[in-house]
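Here's the letter readout for the chains.
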Amino acid sequence: MKALKNLLNRSSSDNQHQHQHRSHNVPDSPAYATPPPVFEEKREVQAEAPEPVLTVSDASRRGDSQKGPVAPSSFYCPISMELMNDPVMVATGHTYDRVCIERWLQQGNRTCPVTGMRLRHLELTPNFALRNAIQEWASSNKVPMLHREVKPHAAINTATLYKTDEETSVAPTNILQGHDEIVWSVEVEGNRLFSASADKTIRVWDISSRRCEQVLEDHARPVLSLAVAGDKLFSGSYDYTIKVWNLQTLQRITTLTGHTDAVRALAVTEGRLFSGSYDSTLKVWDSETLQCLRTLAGHSGPVRTLVCSGGHMFSGSYDKTVRVWDVQSLECLATLQGHSGAVRALAASPTRVFSGSDDATIKVWDSDNLQCLKTLEGHEDNVRVLAVGDKYVFSGSWDKTIRVWDIVTLECVKVLEGHGEAVLALAVGDTFLVSGSYDTTVRFWDLESLRCVKKCEGHDDAVRVLAVAQGKVFSGSYDGTIGVW
């Protein structure tokens, strides 16, 4: 029993350690916020885990080498901690005893118990090689594998198990399901919401009915960015291309090529589409003729973010700089230096541009003379997102806080605390600020009192992007769902 408790506690400790030290230095890597299950005590496992299909001798289950043989760790089901009778693999490649994983799925879970990753499908693949190895080990060590009948309440209804998400989902009506992977971008146009995902698709949602009207499938790799101009939707992808879609027919018009790496950012101004890529360049396209007007070179690292202010396009890069481009002449007017880390976030007011960096600071630039007005300090970790309102600038950080800066004096007037993990998304409404975090929640903050007035739950993983339109807030998550609040 002592050996088994040590195994359970070690599994719990390892899982917690991995969750606490999740990497945040890899640019935009898909990190999952849902931790794997934690096994606290043997008595809890017996009370809550599925009834095991098989039993072995007490000595082997105790793992006491002096009283019985110990099987390789891979022979035990991670859920029940029993030798597996019918090992099956899930979509992540991890193996479980069939009765245990089927009950896990029947309870409404759609994640791998060990990794916490969302399962792309619910198919269970028999692991014949492992089953044969377990049976050979049991036979050679004279360990009986005794089947016992499963109690009626534990019977597995496979017909229900393999229904589609639409048939079995018990998610709230404000959580829109459909994507299989991370939602990287959301864009609102009229009564439609467009969501771009790592599953290579763009979904078109009717905001009133909250139903998916159509799935746009043409990209070969994850879709990272969206932009709307006139009657066109533009989508940038890891497949190096930009797809152009007709907003009326939802049909693809054409494909814009030329980038040699992922298209991470899109921005439209004055009839021109700017695309920023991990190939360190920007390309400028006529939004009507769809011709490439020029390739803007100069950055020495991936272009992560774009924002327009005062007739200038600002591009932030992992090379620690912000470059300024004249929207009409397309000439580089300046390279704004001073950050000591990657520039991941840009936001603009009519007269100022704000840049957030991995160096934990925000720099404020005059959008006319391009001089640095001030460096805003206070965050203790990377600044990942910025948002600008009428009175305040808001910055979200890996330090789990949101800082509120007076847009005129540039002084920090308040630190908003409440999120349990990194703040990844911000958006400003008429009377509120909304924030999304790795802690899976969406929080609403009153713009007058700067107090949290609502905490929304419903996502099973990190909230990556936010949009505000028509009095509603739309959140895109790593779990592939869209929240409507």
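Model, not experiment: these values are computed from the prediction. (Residues numbered from 1 in each chain as written. Predicted model: local features only at pLDDT ≥ 70, side-chain atom pairs only at ≥ 80, totals over all residues. Heavy atoms only, no water.)

Asker: I'd like to hear about the sheet that holds strand β27 (residues 383-388), residue by residue, with values.
Answerer: One open sheet accounts for four strands, arranged β27-β28-β29-β30; its pairing is antiparallel. Each edge of the sheet is formed by a strand with only one pairing partner; in this case those strands are β27 and β30 (412-416). Strand-to-strand twist across the sheet, computed as the mean angle between neighbouring axes with direction ignored, equals 20°. One ladder, built from four bridges, connects strand β29 (residues 402-406) with β30; its direction is antiparallel. Among the inter-strand pairings, Trp405 is bridged to a residue of β30, identified as Cys412. (Pairing = 2+ DSSP bridges. Helix = DSSP H or I, 4+ residues; strand = E, 2+ residues; numbered from the N terminus. Axes fitted to C-alpha atoms, helices over the stretch in contact; angles between N-to-C directions.)

Asker: Lay out the sheet that holds strand β3 (residues 95-97) with the relevant residues and their values.
Answerer: With antiparallel pairing, the three strands of this open sheet are ordered in space as β3-β2-β4. Two strands close off the open sheet at either side, each with one partner strand: β3 and β4 (125-126). With two bridges joining them, strand β2 (residues 87-89) and β4 adopt antiparallel strand pairing. Bridged to Val88 within β4 is Pro126.

Asker: Mind laying out helix α4 (residues 98-106), listing which residues take part and the relevant values?
Answerer: Counting buried residues along α4, seven of its nine residues qualify, which places the element largely inside the surrounding structure. Buried within α4 we find Val99, Cys100, Ile101, Glu102, Arg103, Trp104 and Leu105. With its phi angle positive at about 100°, Gly108 sits one or two positions after the end of α4. (Buried < 20%, exposed > 50% of the residue type's maximum accessible area, 1.4 Å probe, protein only.)

Asker: Go over helix α5 (residues 128-140) with me, naming the residues and quoting the values.
Answerer: Look at α5: 18 Å from first C-alpha to last across 13 residues, which is about the 18 Å you get at 1.5 Å a residue. Listing the buried residues of α5 in full gives Leu130, Ile134, Trp137 and Ala138. Relative to the axis of α5, the buried residues are bounded by an arc of 100° and lie together on one face. Facing away from the buried surface of α5 by more than 90 degrees, the exposed residues are Ala129, Glu136, Ser139 and Ser140. Of the surrounding secondary structure, the elements contacted by the buried residues of α5 are β2 and β3. (Expected span 1.5 Å × (residues − 1). Arc of directions from axis to C-beta. Contact = heavy atoms within 4.5 Å.)

Asker: Can you lay out the confidence of the model for the chain for me, pointing to particular residues and giving the numbers?
Answerer: In the predicted model, the chain carries a mean pLDDT of 82, and the fraction of residues at 70 or more is 80%. For residues 29-66, every residue scores under 50 in pLDDT, and the model assigns this stretch 102 contacts once sequence neighbours within four places are set aside. Predicted confidence for residues 148-171 stays below pLDDT 50, and this span has 31 contacts to residues more than four positions away or in other chains. (pLDDT = per-residue confidence, 0-100.)

Asker: I'd like a description of the pattern of salt bridges, backed by residues and values.
Answerer: According to the stated counting rule, one finds 11 salt bridges in the structure shown. Glu213 is paired through a salt bridge with Arg192; the nearest N and O atoms lie 3.1 Å apart. Of this pair, Glu213 sits in strand β10 (residues 211-217) while Arg192 is found in strand β8 (residues 192-197), placing the two residues 21 residues apart along the sequence. On the basis of relative accessible area, Glu213 is assigned to the partly exposed category, the value being 39%. (Salt bridge = Lys/Arg side-chain N within 4 Å of Asp/Glu carboxyl O.)

Asker: Give a description of the packing of aromatic side chains that names residues and reports values.
Answerer: Remark: the centre distance and the inter-plane angle together describe each pair of aromatic rings, the angle taken between the planes. Per the stated rule, a full pass over the model turns up eight aromatic pairs. Here the aromatic rings of Tyr238 and Tyr278 are separated by 6.2 Å at their centres, their planes lie at 65°, and the arrangement is edge-to-face. Of this pair, Tyr238 sits in the loop between β12 (232-237) and β13 (242-246) while Tyr278 sits in the loop between β16 (272-277) and β17 (282-286), and the two are 40 residues apart along the sequence. Put simply, the rings of Trp184, Trp398, Tyr438 and Tyr478 touch in pairs and so form one group of aromatic residues. (Phe/Tyr/Trp six-rings, centres within 6.5 Å; stacked < 30°, edge-to-face > 60°.)

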